[in-house]
Every structure is written in C-alpha cells, then in structure tokens.
Amino acid sequence: MKKKKGISYAKWGYIFILPFFVAYFIFTFIPQALTVYNSFFENYRQGLTQIGPNFVGLRNYITLFTPDANGTIDILKYAGNTIILWLLGAVPQILVALLLAIFFTSYRLNIKGQQFFKTVIYMPNLIMASAFSMLFFTLFSTVGPVNQVIQAMGWSDVAIDFFARRVTVRGLISLMNFLMWFGNTTILLMAGIMGIDQSLFEAANIDGASSVQTFFRVTLPLLMPILVYTVITAMIGGLQMFDVPQILTNRGGTPNRTSTTLVMYLNNYLDGSRNYGMAGAISVIIFIITGILSMIVYRSLTKKD
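Residues numbered from 1 in each chain as written. Predicted model: local features only at pLDDT ≥ 70, side-chain atom pairs only at ≥ 80, totals over all residues. Heavy atoms only, no water.

Caption draft 1: Region of interest: the overall build of the protein chain. Within the protein chain, the regular secondary structure consists of 12 helices and 2 strands. Reading the helices (α) and strands (β) of the protein chain from amino to carboxyl end gives α-β-β-α-α-α-α-α-α-α-α-α-α-α. Within the protein chain, contacts between residues at least 6 apart in sequence are counted, and of these 64% link residues at least 24 apart. Accessible surface for the protein chain amounts to roughly 19100 Å². Of this, 67% is attributable to carbon and sulfur atoms. Measuring between centres, the 21 positive side-chain charges of the protein chain sit 14 Å from its 11 negative side-chain charges. (Helix = DSSP H or I, 4+ residues; strand = E, 2+ residues; numbered from the N terminus. Contact = heavy atoms within 4.5 Å. Areas by Shrake-Rupley, 256 points an atom, 1.4 Å probe, with all protein chains shown as cover. Lys, Arg positive; Asp, Glu negative; His and termini not counted. Charge placed at Lys NZ, Arg CZ, Asp CG, Glu CD.)

Caption draft 2: Structural view of the pattern of salt bridges. Scanning the entire structure with this criterion turns up 3 salt bridges. With its nearest N and O atoms 3.1 Å apart, the salt bridge here joins R257 to D74. Note that R257 is positioned in the loop between helix 10 (243–248) and helix 11 (262–270) and D74 in helix 3 (residues 74–105), a separation of 183 residues in sequence. We classify D74 as buried; its relative accessible area is 18%. (Salt bridge = Lys/Arg side-chain N within 4 Å of Asp/Glu carboxyl O. Buried < 20%, exposed > 50% of the residue type's maximum accessible area, 1.4 Å probe, protein only.)

Caption draft 3: Molecular detail of the confidence of the model for the protein chain. Chain-level statistics for the protein chain give a pLDDT mean of 89 and a share of 97% at 70 or above. Between the elements of the protein chain, mean pLDDT differs from a low of 81, seen in helix 4 (residues 114–122), to a high of 95, seen in helix 2 (residues 59–64). (pLDDT = per-residue confidence, 0-100.)

Caption draft 4: Summary view of unusual backbone geometry. The amide bond that connects G52 to the next residue, P53, takes the cis arrangement and shows omega of 10°. Tracing the backbone shows P53 in strand 2 (residues 49–55). With an omega of -5°, the peptide bond between T254 and P255 qualifies as cis. Mapped onto the secondary structure, P255 falls in the loop between helix 10 and helix 11. Its identity as a non-glycine residue notwithstanding, R251 has a phi of 70°, on the positive side. Assignment of secondary structure puts R251 in the loop between helix 10 and helix 11.

Caption draft 5: A look at the side chain of T186. Turning to its location among the elements, T186 is positioned in helix 7 (residues 166–194). Judged by relative accessible area, T186 falls into the buried class, the value being 0%. Residues in contact with T186, not counting those within four places in the same chain, are A97, L100, A101 and I121.

Caption draft 6: How the structure looks around the nonpolar core. L189 and L227 are the most contacted members of the largest nonpolar core, which has 23 residues in total. Secondary structure elements with two or more residues in this core: helix 3, helix 7 and helix 9 (211–239). No other element matches the 11 residues that helix 9 contributes to this core. Ranked by size, the runner-up nonpolar core spans 17 residues in total, among them F132, F140, F162 and F163. (Core = buried A, V, L, I, M, F, W, Y, C linked by side-chain atoms within 4.5 Å.)

Caption draft 7: Highlighting the packing of aromatic side chains. If you walk through the whole model with that rule in mind, you get 18 aromatic pairs. Taken together, a centroid distance of 5.8 Å and an interplanar angle of 50° make the contact between F40 and Y61 tilted. Of the two residues, F40 is situated in the loop between helix 1 (9–38) and strand 1 (41–46) and Y61 in helix 2; the sequence distance between them amounts to 21 residues. By relative accessible area, F40 is classed as partly exposed at 25%. (Phe/Tyr/Trp six-rings, centres within 6.5 Å; stacked < 30°, edge-to-face > 60°.)

Caption draft 8: Quick look at the side chain of T214. One can find T214 in helix 9. For T214, the contacting residues outside a window of four places in its chain are F201, A204, A209 and T219.

Caption draft 9: Molecular detail of the packing of helix 9 against helix 12 (residues 276–301). For the pair helix 9 and helix 12, the least separation of the axes is 10 Å and the interaxial angle reads 160°. Regarding the angle of helix 9 to helix 12, the classification is roughly antiparallel. As for the relative orientation of helix 9 and helix 12, their crossing is right-handed in sense. In this structure, helix 9 contributes M224, V228, V231, I232, M235, I236 and L239 to the contact, and helix 12 contributes I289, T290, L293, S294, V297, Y298 and L301. Along the lines of polarity and charge, the residues of the contact of helix 9 with helix 12 split into 12 nonpolar, 2 polar and no charged. (Axes fitted to C-alpha atoms, helices over the stretch in contact; angles between N-to-C directions. Parallel < 35°, antiparallel > 145°, perpendicular 65-115°, else oblique. Left-handed = near helix turned anticlockwise from the far one by under 90°. Nonpolar A, V, L, I, M, F, W, Y, C, P; charged D, E, K, R; others polar.)

Structural data, given as structure tokens:
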C-alpha cells in the first residue's frame, strides 16, 4: 500500500519568500557592496576628463576627516547638524504622537469620530516634502505672508530674514519634519495600544490604579516594541534628511552651512564632479553612524526580562 506524500509547508514558505531575497540581493545588497568597493577608489570627473578609477585605499576616508583651512572637519559638522535637526523634529513628534495615541484609544474617554481624526492627522504625510518646503519658503520669505502679518501688527518695522538665522532655519526644518511624520507615528502607536489585551486595563482599574500608573505600568512596557521601532525608523529617516533643507535653503545649507545634512554633503560629490569615491566613503560613514545610533537607541529602550 502506497503512502500518501504530505505537503511540505516549509518548502512552500521558502518559495513564497524567495522573491523578496532575490529582489533584496539585486537591488540592495549588490549596490551596498559596490558602494563600499568604490569608496576605496579615486573616481571622478574633472571637466570633460574622467579621472580613475584608481585604487587609493583609505585616502578618501582620511580626506573626509582632515580639517580645512578654518580647522573644521566638514563631515563631523554636518553629522552634528543632522543629529540636531533630527532631535528637534523627532522628540516632539514622538511625544505628541504618544499623547494623541493614548487620547484616541482611551476607553474611559471613548472619543467619537476616530476615523476622521486619523485621516486628518495623516494628511500632511501625503504631501511631498518638496511641496511642503516650497510652501514654507513662500510663507516665511521676506515678502511672504508671515512677514506681512508681523509688520501689519507692528511687531517689526522691517522684514525679518528667517533664512539668515540658524535658530529659525533649524526650527522651520524641524517643524516641517514634525508636521509630515507625527500622523504616521500616531497611527502606529495607536495600533500598538489597541493590540494590548483590554483585560489588563480592566484589572488595573479594579486595583485602583490611576491613569498615570496605568500608562507607566501597563501601556508603556507593552508598547515598547512598537515604540522602539518608531524611534529607530525615525532616526534612520532623520539621518537621511535631504529634500526639506535642500529646497528650503536653496542647496546652500544657510546660514554658514549650519543646516547642511550628511546626505546634502553626499549629494555635493554626486552633482557635477561625480566623485563616486568620496560619495561612497560618505555613504559608508552614514551607514556606520546609523548602525551605532540604532544600537544605542535599542539598548537604551529595551531591557532583559
């Protein structure tokens, strides 16, 4: 008597996930490997002449960390700018998103029209960053509506150049990043809170726990995996910040390059001279910084049970 062959679900599972790994290998892993490879070569265009590719070892990395005539190491300056801009936008974003998520998912408050509010807070995320930047550039220019209102109210006799001050430029960039992404973060955190077993909240209520105690003893610990994910993805997005400061400052990173980010610095080597060696070295450094900061965030927000 013949035995019937069973279905190998593991085999079909591997077959179904195979396209992802193939696509990842072709479109992500190979470009990453080539980026690291190119970082050890001199390969750029000077006018109509193509220089290289010539193997130069670590010279591109040494050049990046060599101080200029003013004693400034550009890549460290731009890394600092990027981290500051990310913190100014991400910290309020996560705090406000967490408060809104708790507010909308509270069974005590029982807020009506949650779908409407979800749609409203997510709408800024649908606007392209370039369009957002052009809008803010128009609003806060010397002849824009904001300056007109300030002068009409008598708060200033002359137009304020918001793009000539480090505080206002960084503030506008951070505000735009906050407005574009807090809705997405709110919805993620709402999904995490709604996935917590309701009986835990009921037990805390029966035991006489206050709302603050329930949040710190029940909600926050169980929400931590989603919160860690949102913080790390926000950090990765912040380190890749490019379009908002690029358009708002007209590629200049004004004032005095205090709003120039790492990816803007990277783009300078790809635009014009097409210096693939230096661009590759900067990409590798961004990757290392991202990995280190991700590990720090992960270790800081998680603990062993």
